[in-house]
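Now for the letters of each chain:
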Amino acid sequence: MKPGYQLPARIVELSVANEWDEAHLEWHLEKVILSDTSEACLCGKFPIKELCILRNDKNKKSAVVGNCCVKKFFPIASARIFNAIKKITADDTRALNADTIHFAYQRGWLSAKERAFYMDTWRKHKLSAKQMQWRIALNRRVMERVRAA
């Protein structure tokens, strides 16, 4: 069986529900990791470097799933988060997107004040020196959290 197509069965095994249509709704994106080492997806694909840690809301189990599988099987914005992380990794003056700002805020990586600042400025290209300094500091904090396993 091809990697990827094993994922629904593996997720159902780890879920409370016994059918994919219900089981996949039990899961949410807990963390994203850009790994320096090669890892394996729950589907069996190896190597992967964009890891999505999924958590089951009903039984608290977790699963490591590659970003490709998450994009294919789950209604989660992991691709937008990884794209934003890659963008600020290459240039820390660039802005995160709204999905990533929200994700970081939900996990406590950004305070309410920092989130409000970022939401007010994420589409702006010209920031004051102080605003740019703050954006860079927030970007670096988010990058540290994503790189930390």
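Note that this is a predicted model, so its numbers are computed, not measured.

Here is what the cut-offs are and how they apply
Residues numbered from 1 in each chain as written. Predicted model: local features only at pLDDT ≥ 70, side-chain atom pairs only at ≥ 80, totals over all residues. Heavy atoms only, no water. Buried < 20%, exposed > 50% of the residue type's maximum accessible area, 1.4 Å probe, protein only. Helix = DSSP H or I, 4+ residues; strand = E, 2+ residues; numbered from the N terminus. Arc of directions from axis to C-beta. Contact = heavy atoms within 4.5 Å. Polar contact = N/O pair within 3.5 Å; in protein donor to acceptor, adjacent residues only side chain to side chain. Salt bridge = Lys/Arg side-chain N within 4 Å of Asp/Glu carboxyl O.

A few words on helix 6 (residues 112-121). Within the sequence span of helix 6, burial applies to Glu114, Phe117, Tyr118 and Thr121. The buried residues of helix 6 occupy one face: seen down the axis, they fall within an arc of 95°. Where helix 6 is buried, its residues touch helix 5 (98-106) and helix 7 (129-147).

Positionally, arginine 135 belongs in helix 7. Within polar-contact distance, the side chain of arginine 135 engages the backbone oxygen of threonine 93 at 3.1 Å. With sequence-adjacent residues up to four places away left out, arginine 135 is seen in contact with Thr93, Arg94, Ala95, Phe117, Tyr118, Thr121, Trp122, Lys124 and Leu127.

Counted under the stated rule, the structure contains seven salt bridges. The residue arginine 10 makes a salt bridge to glutamate 13 at a minimum N-O spacing of 3.7 Å. Of this pair, arginine 10 and glutamate 13 both sit in helix 1 (residues 7-13), three residues apart, roughly one helical turn. Overall, the relative accessible area of 57% leaves glutamate 13 in the exposed class.

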